[in-house]
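Spelled out from the first residue to the last, the chains are:
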Amino acid sequence: MKSRKWSGIHVFMFCLLISATAAMAGPATQEVERSKVCMLQDEVEPKAGTPYEFEGKTYYLCCPMCANTFKKEPEKYSKAHDPVSGQVVDKATAPVLGYKDKAYFFASDESRAAFA
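Residues numbered from 1 in each chain as written. Predicted model: local features only at pLDDT ≥ 70, side-chain atom pairs only at ≥ 80, totals over all residues. Heavy atoms only, no water.

1. A look at the overall build of the chain
In terms of regular secondary structure, the chain is built from 4 helices and 9 strands. Counting helices and strands in the order they occur from the N terminus, the chain gives α-β-β-β-β-β-α-α-β-β-β-β-α. Each of the 116 residues in the chain was classed as buried or not, and the buried ones make up 30%. When contacts within the chain are restricted to residue pairs at least 6 apart in sequence, those whose partners lie at least 24 apart make up 43%. Of the roughly 8000 Å² of accessible surface on the chain, a fraction of 58% belongs to carbon and sulfur atoms. (Helix = DSSP H or I, 4+ residues; strand = E, 2+ residues; numbered from the N terminus. Buried < 20%, exposed > 50% of the residue type's maximum accessible area, 1.4 Å probe, protein only. Contact = heavy atoms within 4.5 Å. Areas by Shrake-Rupley, 256 points an atom, 1.4 Å probe, with all protein chains shown as cover.)

The structure is reproduced here in structure tokens:
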């Protein structure tokens, strides 16, 4: 059986592949601007959403369809469950973190840090 040696080009291509894979993975979690979270779909959006006031707090929605749905049941869509503690939180004031374009809301900064 023949033994193959790695040429310089093979080593270079292997390193390039590893670097590209790491770059595509991106950060595990990311800080997000609250205004760039659709608070109906809990998704991170590329641009700021339309603000909607409910009970003196501001919620952001990405499109007119989400705004109409939110307005019909604001009590339902203004809340989320902290994925670490399970506590119910208000999306307008809870710490928020993005992961793979999804937004997660937390009861505290400590809970958010534990998730990250």
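On we go from here.
2. Some remarks on the state of the cysteines
What the rule picks out here adds up to 0 disulfides. Cys-63 forms no disulfide, and the closest cysteine sulfur to it belongs to Cys-66, at a distance of 3.7 Å. Taking relative accessible area as the criterion, Cys-63 reaches 27% and is therefore assigned partly exposed. Among the residues examined, Cys-66 registers a relative accessible area of 4% and is labelled buried. (Disulfide = S-S within 2.5 Å.)

3. Concerning the nonpolar core
Judged by nonpolar contacts, the single largest core of 22 residues is most densely connected at Val-37, Leu-40, Leu-61, Phe-70 and Phe-105. Counting only elements with at least two residues in this core, the list comes to strand E2 (37-38), strand E4 (50-54), strand E5 (57-61), helix H2 (64-72) and strand E9 (102-105). (Core = buried A, V, L, I, M, F, W, Y, C linked by side-chain atoms within 4.5 Å.)

4. Describing the pattern of salt bridges
Counting across every chain of the model gives 6 salt bridges. What emerges from the salt-bridge pattern is a single network uniting Glu-31, Asp-109 and Arg-112. (Salt bridge = Lys/Arg side-chain N within 4 Å of Asp/Glu carboxyl O.)

5. Some thoughts on H2
Of all the residues in H2, the buried ones are Cys-66, Ala-67 and Phe-70. An end-on view of H2 places all buried positions within 100° of arc, on one side of the element. Exposed residues pointing more than 90 degrees away from the buried face of H2 are listed as Pro-64, Met-65 and Lys-72. Buried residues in H2 make contact with E2, E4, E5 and helix H3 (74-77). (Arc of directions from axis to C-beta.)

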